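Examining the three-dimensional arrangement
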Amino acid sequence: MFYMAETRACILSGASGGLGREIATQILEDAVFDAYVFLFRAIEKSSFLEEYRGEKYCIPFSLEEGKPDLTEVRLERFQEIILVLTAFSIEPIQSLKLISKEVVENYFKTNVLGQIDLVQEVLHLVSSDCKIRIVSLDSGAVNQVFEGWGLYSCGKSFFNRYLEQLSIEENIPTVLYSPGVMDTGMQTCIREKTDKNSSVAAFFTEKYKKGDLRNPKYVAKDIVERYLKEWTAKELREKVSSTEMRDIYLSQIQYKA
């Protein structure tokens, strides 16, 4: 069957809450794309999208079960697709010494291999002349060590390198975007499950009490304006860094001293 080529589509993982939900809301409100594909671990959390118009697809995507079924979307229709990847868990927050092999395997299957499956599936379903761009969240934990964040740090590092390698091999413009310290469920998890006596917990708790956590709504707006409405990245790979994670790292070193 022949389909007329349509212009732009967005595929967003992690749309159920936090930054992902804010991005979903803003691109729908501003009618940024011709079609929208939202991926949910729990599809019942997609109800907030019902009030918005547009060609929307809400697809269940359990990272541990592999690639999502995107056939109904007919990705071959589009001339440009931007893949926005916001789903990545920081749990378990625990010393690597105490984590079993099974937990490590499950973490990588869920957070790393699941997202790689998603990217690979998109690459295989699009037309040969489709322009693909990728926006993924970066973290200061990729380059620095934080107590209890071992799996998260290793997983993020692996996935970032995968995207960087892919961007060169396939000439896919990719942005690793560092959002800074946001007021999301991830931050709540860090405050509740990090060792209360550690400098990491103290740093995040202090920022929370002072009201210094970034609002996901404004971080989402930055991403939408800079990369989704119009691609303004100047390099094939561009990291938008934040000094805040460096501050945490330094405070941790001083705490141990």
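Since the model is a prediction, treat every value here as computed from it, not as a measurement.

Glancing now at the overall build of the protein. Scanning the protein from terminus to terminus reveals seven helices and seven strands. If you list the helices and strands of the protein from N to C, you get β-α-β-β-β-α-β-α-β-α-α-α-β-α. Taken across its 257 residues, the protein has 52% of its residues classed as buried. Entry remark: accessible area of the protein is about 13,000 Å², with carbon and sulfur atoms responsible for 47%.

What follows concerns the layout of surface pockets. For the largest pocket, the calculated volume is near 860 Å³. Contributions of two or more residues to the lining of the largest pocket are made by α1 (18-29), β2 (35-40), α3 (150-169) and α4 (185-193). Here the lining of the largest pocket takes five residues from α4, the largest share from any one element. When grouped by side-chain class, the residues that make up the lining of the largest pocket number 20 nonpolar, 15 polar and five charged.

Moving on, we get to the environment of Tyr 208. Along the chain, Tyr 208 turns up in helix α5 (residues 199-210). Among the residues examined, Tyr 208 registers a relative accessible area of 44% and is labelled partly exposed. Here the alpha-carbon distance between Tyr 208 and Arg 191, two residues 17 residues apart in the chain, equals 9.0 Å. Leaving out residues up to four positions away in the same chain, Tyr 208 has contacts with Arg 191 and Leu 213.

Another point: the packing of helix α2 (residues 101-125) against α3. At their nearest, the axes of α2 and α3 sit 10 Å apart, and the two run at 20° to each other. Taken together, the axes of α2 and α3 lie roughly parallel to each other. For the element pair α2 and α3, the recorded crossing hand is right-handed. Facing Val 103, Val 104, Tyr 107, Phe 108, Val 112, Gln 115, Ile 116, Val 119, Gln 120 and Leu 123 of α2, the residues of α3 in contact are Leu 151, Tyr 152, Cys 154, Gly 155, Phe 158, Phe 159, Tyr 162 and Leu 166. Considering only residue class, the contact of α2 with α3 consists of 15 nonpolar, three polar and no charged.

Moving on, we come to the side chain of Ser 127. The residue Ser 127 is located in the loop between α2 and β5 (131-137) in this model. Looking at Ser 127, its side chain comes within polar contact range of the side chain of Asp 129, at 2.8 Å.

According to the stated counting rule, one finds 10 salt bridges in the structure shown. Among the salt bridges present, the one from Glu 105 reaches Lys 101, with a minimum N-O distance of 4.0 Å. With Glu 105 and Lys 101 both in helix α2 and four residues apart, this pair spans about one turn of that helix. The exposure class assigned to Lys 101 is exposed, which follows from its relative accessible area of 59%.

This part is about the pairing of β5. Residues in a regular strand point their side chains to alternate faces of the sheet. Where burial is concerned, most of β5 is hidden: six out of the seven residues are buried. Two elements, strand β4 (residues 78-85) and β5, share six bridges in a ladder whose sense is parallel. From the neighbouring strand, Val 84 faces β5, where its bridge partner is Val 135. With respect to chirality, the unit in which β4 leads through α2 into the neighbouring parallel β5 is right-handed. Where β5 and strand β6 (residues 174-177) come together, four bridges link them in parallel fashion.

For the rest of this paragraph, the subject is the side chain of Gln 26. Within the fold, Gln 26 resides in helix α1. A residue is classified by how much of its surface remains accessible, and Gln 26, at 11% relative accessible area, is buried. At 2.8 Å, the side chain of Gln 26 forms a polar contact with the backbone oxygen of Lys 217. For Gln 26, the residues in contact, after removing those within four places along its chain, are Lys 217, Ala 220, Lys 221 and Val 224.

Looking at where Thr 110 falls in the secondary structure, it is placed in helix α2. Considered as a pair, Thr 110 and Ser 89 are 21 residues apart in the sequence and their alpha carbons are 8.9 Å apart.

The next point concerns α1. In this model, α1 (12 residues) spans 17 Å end to end at C-alpha, consistent with the 16 Å of a helix rising 1.5 Å per residue. Those residues of α1 not exposed but buried are Leu 19, Gly 20, Ile 23, Ala 24, Thr 25, Gln 26, Ile 27 and Leu 28.

Looking now at α5. Helix length check: α5 (12 residues) gives 16 Å between terminal C-alpha atoms against 16 Å at 1.5 Å per residue, within 8%. All buried positions along α5 are accounted for by Ser 199, Val 200, Ala 201, Phe 203, Phe 204 and Lys 207.

Procedures and definitions
Residues numbered from 1 in each chain as written. Predicted model: local features only at pLDDT ≥ 70, side-chain atom pairs only at ≥ 80, totals over all residues. Heavy atoms only, no water. Helix = DSSP H or I, 4+ residues; strand = E, 2+ residues; numbered from the N terminus. Buried < 20%, exposed > 50% of the residue type's maximum accessible area, 1.4 Å probe, protein only. Areas by Shrake-Rupley, 256 points an atom, 1.4 Å probe, with all protein chains shown as cover. 1 Å grid on protein atoms, 1.4 Å probe; cavity = no way out; pocket = protein on both sides within 12 Å on 5 of 7 lines; lining within 4 Å. Points joined across faces, edges and corners; volume = space filled by probe spheres on them. Nonpolar A, V, L, I, M, F, W, Y, C, P; charged D, E, K, R; others polar. Contact = heavy atoms within 4.5 Å. Axes fitted to C-alpha atoms, helices over the stretch in contact; angles between N-to-C directions. Parallel < 35°, antiparallel > 145°, perpendicular 65-115°, else oblique. Left-handed = near helix turned anticlockwise from the far one by under 90°. Polar contact = N/O pair within 3.5 Å; in protein donor to acceptor, adjacent residues only side chain to side chain. Salt bridge = Lys/Arg side-chain N within 4 Å of Asp/Glu carboxyl O. Pairing = 2+ DSSP bridges. Right-handed = clockwise from strand over helix to strand, strands pointing away. Expected span 1.5 Å × (residues − 1).

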